[in-house]
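# Structural features, examined
Residue strings, one per chain:
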Amino acid sequence: MRALVTGVTGQDGSYLAELLLEKGYEVFGMVRRNSTENFERINHIKDKINLVQGDLFDQLSLISAIEEVKPQEVYNLAAQSFVPTSWSQPVLTGEFDAIGVTKLLEAIRLLNKKIKFYQASSSEMFGKVQQVPQTEKTPFYPRSPYGVAKVYGHFITVNYRESYGIHASSGILFNHESPRRGLEFVTRKITDGAARIKLGLADVLYLGNLDAKRDWGYAGDYVYAMWLMTQQPEPDNYVISSGENHSVRELVELAFTHCDLDYKKYVKTDPRLVRPAEVDVLLGDSSHARKKLGWEPKVTFRELIKMMVESDLAQLRRKQG
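Report follows, based on the coordinates. Remember, predicted model here, so these are calculated numbers, not experimental data.

This part covers the pairing of strand 6 (residues 168–173). Counting buried positions over the six residues of strand 6 gives six, a clear majority of the element. Residues Ala-168, Ser-170 and Ile-172 of strand 6 are buried on one face, and the alternating residues Ser-169, Gly-171 and Leu-173, pointing to the opposite face, are buried as well. Note: strand 5 (residues 116–122) against strand 6, six bridges, orientation parallel. Paired with Ser-122 across the strands is Leu-173, a residue of strand 6. On the question of chirality, the crossover connecting strand 5 to the parallel strand 6 by way of helix 5 (residues 145–164) is right-handed.

Listed below in structure tokens is the structure:
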């Protein structure tokens, strides 16, 4: 089996590439040509995967990549994935997360409609939630340019499925984290911040809304759900979530407690870090995925935060020498 993974250098891309290699796939990762290349997350498997150049901005490069690789499965994980950036760069976010999906689907339609396609949708599409918990049938009400672009990407995937008979599935993934999460994301910002304060490398951690609630899981568990979707006889949409709600404050308390610290002494709120339009409560109901795919998360919220803090402590100690 051959799989093409866009966004292979990201958190999810690296975990998915590992999983596919374990399953005996020939893995091709699509990378953009950048002046500085960041292969940090895939360095340990770089010699086992094949890198091909391509860009969601460039239709012809996508056609060339698919022609070259001839994959049976394409996983679209490439995106402008940081919600705060979507306010400062809304057009760029739309080009990547909406139009880019269309370009990739067009390439599949033109070259080989038998290719199975996975689209990375997002719980941010629910935004100002219309019901709790959220299922595949919950109406979308996005509250950021990122969420809006993801809604387009989601529905264009459904449209190509229904219009052209492409096996195109959409995973509506709730927040999923890991030690490979970027430092700009709040989970990693917190675990790294707690580790820095523990090691005397920082005195304070500035955060936004501590009362926002999210449904957090482990990225390694969630990429397994992506693979399961492409193995089904029929394509579908699936909510992938832990089904548990935790506030940012809880996450902070867990991370700092693991470092034997009282977070109240070190964490300060910065109003500039609060979103223009907040998403208050995200809580997913993944019973459809559990029933149809036989999927369930294995790593608990507490285990996830401990794993991330331990990883950040180890990384910082290595740098300290």
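There's more to say after this.
One pass over the structure, following the stated rule, counts ten salt bridges. Between Arg-32 and Asp-55 there is a salt bridge; the shortest N-O distance is 3.1 Å. Note that Arg-32 is positioned in the loop between strand 2 (26–31) and strand 3 (50–53) and Asp-55 in the loop between strand 3 and helix 2 (59–69), a separation of 23 residues in sequence. For Arg-196, the salt bridge goes to Asp-192, with nearest N and O atoms at 2.8 Å. Of this pair, Arg-196 and Asp-192 both sit in helix 6 (residues 186–198), four residues apart, which is roughly one turn of the helix. For Arg-196, a relative accessible area of 28% corresponds to the partly exposed category. Accessibility expressed as a relative area gives 10% for Asp-192, which makes it buried.

Okay, helix 1 (residues 11–22) next. Spanning twelve residues, helix 1 covers 17 Å between terminal C-alpha atoms, matching the ideal 16 Å at 1.5 Å per step. Burial within helix 1 is extensive, with ten of its twelve residues counted as buried. Just past helix 1, the residue Gly-24 takes up positive phi, approximately 85 degrees.

This brings us to the layout of surface pockets. Rolled over the atoms, a probe with the dimensions of a water molecule shows which regions are left empty. Taken as a whole, the second largest pocket holds about 360 Å³ of empty space. Residue lining of the second largest pocket: 17 residues in total, with Glu-40, Pro-179, Arg-180, Arg-188 and Gln-315 positioned closest to the centre. Looking at the lining of the second largest pocket, the elements with two or more residues in it are helix 6 and helix 10 (301–320). Examining the composition of the lining of the second largest pocket, we find that five residues originate from one element, helix 10, more than from any other. For the lining of the second largest pocket, a count of residues per class yields three nonpolar, five polar and nine charged.

The next thing to look at is the sheet that holds strand 3. The parallel open sheet is built from seven strands, whose spatial order is 3-2-1-4-5-6-11. Where the open sheet ends on each side, the last strands, each with one partner, are strand 3 and strand 11 (237–240). Across the sheet, the axes of successive neighbouring strands diverge by a mean angle of 20 degrees, strand direction being ignored. Of the strand pairs in this sheet, strand 6 and strand 11 are connected by four bridges, and their pairing is parallel. Looking at strand 11, one finds that Ser-170 is bridged to Asn-237. In this fold helix 2 packs onto strand 1 (2–6), strand 2 and strand 3, with an angle of close to 150 degrees to the strand it touches most, strand 3. Against the sheet, helix 5 engages strand 5, strand 6 and strand 11, with an angle of about 155 degrees to strand 5.

The next subject is the environment of Leu-111. Along the chain, Leu-111 falls in helix 4 (residues 90–111). Given the relative accessible area of 34%, Leu-111 is considered partly exposed. Expressed as a C-alpha distance, the spacing of Leu-111 and Ser-64, which sit 47 residues apart in the sequence, is 10.0 Å. Those residues in contact with Leu-111, other than ones at most four positions away along the chain, are Ile-63, Ile-66 and Glu-67.

In this fold, Ser-241 is placed in the loop between strand 11 and strand 12 (246–247). For Ser-241, a relative accessible area of 0% puts it in the buried group. Every residue in contact with Ser-241, bar those within four places of it in the chain, is listed here: Phe-174, Asp-215, Tyr-222, Gly-284, Asp-285, Ser-286, Arg-290, Trp-295 and Pro-297.

Counting through the fold element by element, Ser-287 comes out in helix 9 (residues 287–292). Taking the C-alpha atoms as reference points, Ser-287 and Ser-241, 46 residues apart in sequence, are found 9.2 Å from one another. Side-chain polar atoms of Ser-287 contact the side chain of Asp-285, separated by 2.8 Å.

By the element assignment, Asn-237 lies in strand 11. The class of Asn-237 is buried, set by a relative accessible area of 15%. At 2.6 Å, the side chain of Asn-237 forms a polar contact with the side chain of Arg-161. Contact partners of Asn-237, with chain neighbours within four places excluded, come to Glu-136, His-154, Val-158, Arg-161, Ser-170 and His-288.

Calculation notes
Residues numbered from 1 in each chain as written. Predicted model: local features only at pLDDT ≥ 70, side-chain atom pairs only at ≥ 80, totals over all residues. Heavy atoms only, no water. Buried < 20%, exposed > 50% of the residue type's maximum accessible area, 1.4 Å probe, protein only. Helix = DSSP H or I, 4+ residues; strand = E, 2+ residues; numbered from the N terminus. Pairing = 2+ DSSP bridges. Right-handed = clockwise from strand over helix to strand, strands pointing away. Salt bridge = Lys/Arg side-chain N within 4 Å of Asp/Glu carboxyl O. Expected span 1.5 Å × (residues − 1). 1 Å grid on protein atoms, 1.4 Å probe; cavity = no way out; pocket = protein on both sides within 12 Å on 5 of 7 lines; lining within 4 Å. Points joined across faces, edges and corners; volume = space filled by probe spheres on them. Nonpolar A, V, L, I, M, F, W, Y, C, P; charged D, E, K, R; others polar. Axes fitted to C-alpha atoms, helices over the stretch in contact; angles between N-to-C directions. Contact = heavy atoms within 4.5 Å. Polar contact = N/O pair within 3.5 Å; in protein donor to acceptor, adjacent residues only side chain to side chain.

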